[in-house]
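So the chains spell out like this:
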Amino acid sequence: MQLVVGKIGRAHGIRGDVSVEVRTDEPELRLGPGAVLLTDPASAGPLTVESGKVHSGRLLLRFAGVKDRNAAEALRGTILIAEVDPEERPEDPEEFYDHQLIGLDVVLLDGTLVGELTEVVHLPYQDLLTVKKPDGTEVLVPFVTRIVPIIDLENQRAVIDPPGGLIDSEQAEVARGDGADGVGGDAAEGDGAQGDGVRDGSEAAE
């Protein structure tokens, strides 16, 4: 299985280093020295990581055969893709890869079916689960423990405990009428931003 693990940014210095936008919570594994990565566009790779370091909060990588700034700049915008065994699991049992989550049934605490998990959306401040309801409409569920307390891979389901109005817009109207400030982004407070990962463990595929 192919998973996107990074995107090459600007060249850094004159010796072929490039900045990399990390899209994996396991950069030491996926982007460490010796890692061989496929690319999009395919003509840019495969690329072998020769060395890496963190500079001013950014990951800088040097690839084998990329010897100067011009060669490095030519790679700008290239997507880095890792080949991953589909049976592989993150070390932390509370971490998940995107492909483990796509297709799960999403149910409430009482077992009521909400819909199917169709996408994991990675935002700078948190991750969201796209859930397609039986009527074809979609809702976004913040992927934080308070709202998604259970991921049951064995039974292929995600159990959610959404605040009023997150799933049903009619409930949202009632909530606003009772003096609530609405729902959505603030519902995720307490767990912090997860960046590109899902509970610190997924890799965002494009």
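Refer to the structure above for everything that follows.
These notes cover the structure that comes with them.

The rules behind these values
- Residues numbered from 1 in each chain as written.
- Predicted model: local features only at pLDDT ≥ 70, side-chain atom pairs only at ≥ 80, totals over all residues.
- Heavy atoms only, no water.
- Helix = DSSP H or I, 4+ residues; strand = E, 2+ residues; numbered from the N terminus.
- Buried < 20%, exposed > 50% of the residue type's maximum accessible area, 1.4 Å probe, protein only.
- Pairing = 2+ DSSP bridges.
- Salt bridge = Lys/Arg side-chain N within 4 Å of Asp/Glu carboxyl O.
- Contact = heavy atoms within 4.5 Å.
- Axes fitted to C-alpha atoms, helices over the stretch in contact; angles between N-to-C directions.

On to the overall build of the protein. Within the protein one finds four helices and twelve strands. Here the protein holds 206 residues, and the buried ones make up 40% of them.

So, on to the pairing of strand β1 (residues 2–12). Bridging between β1 and strand β6 (residues 79–83) involves five bridges; their strand directions are antiparallel. Looking across to β6, one finds that K7 is bridged to I79. As paired strands, β1 and strand β2 (residues 17–22) are joined by five bridges and run antiparallel to one another. The partner of I8 across the bridge, within β2, is V20. Counted along the chain from β1 to the antiparallel partner β2, the turn is four residues long, and its residue G13 has a positive phi close to 75°.

Let us now look at the pattern of salt bridges. Inspection of every chain in the model, using the stated rule, returns four salt bridges. Linking E21 and R23 is a salt bridge whose minimum nitrogen-to-oxygen distance equals 3.0 Å. By relative accessible area, which is 13% here, R23 ends up buried. Linking R76 and E73 is a salt bridge whose minimum nitrogen-to-oxygen distance equals 3.2 Å.

Before going further, it helps to examine unusual backbone geometry. Along the chain, D40 connects to P41 via a cis peptide bond; the corresponding omega equals 10°. Residues G45 and P46 are joined by a peptide bond in cis, for which omega reads 0°. By the secondary structure assignment, P46 is in the loop between β3 (36–40) and β4 (47–55). With a phi close to 55°, Q156 is a non-glycine residue in the positive phi region. Residue position: Q156 is located in the loop between β11 (150–152) and β12 (157–160). With a relative accessible area of 39%, Q156 lands in the partly exposed category.

The next point concerns the pairing of β4. Looking at chain direction, β3 and β4 are connected through two bridges and run antiparallel. Following the sheet pairing, L37 is matched in β4 by L47. In this structure, the hairpin formed by β3 and β4 is closed by a connection of six residues. Strand direction decides the pairing type here: β4 and strand β5 (residues 58–63), joined by six bridges, are antiparallel.

Along the chain, the position of R69 falls in helix α2 (residues 69–73). We classify R69 as partly exposed; its relative accessible area is 39%. Considered as a pair, R69 and I14 are 55 residues apart in the sequence and their alpha carbons are 4.7 Å apart. The residues touching R69, leaving out its near neighbours within four places in the chain, are A11, H12, G13, I14 and G16.

This part takes up the sheet that holds β5. Around the barrel, six strands lie side by side as β1-β2-β5-β4-β3-β6; this closed barrel has antiparallel pairing. Pairs of neighbouring strands in the sheet enclose a mean axial angle of 50°, with direction left out of account.

Here we take up the environment of V106. Counting through the fold element by element, V106 comes out in strand β7 (residues 105–108). Excluding its chain neighbours within four sequence positions, the residues that come into contact with V106 are T112, L113, V114, G115, E116, L117, V131, A158 and I160.

Take it as geometry only, folks, not as evidence of what the structure does.
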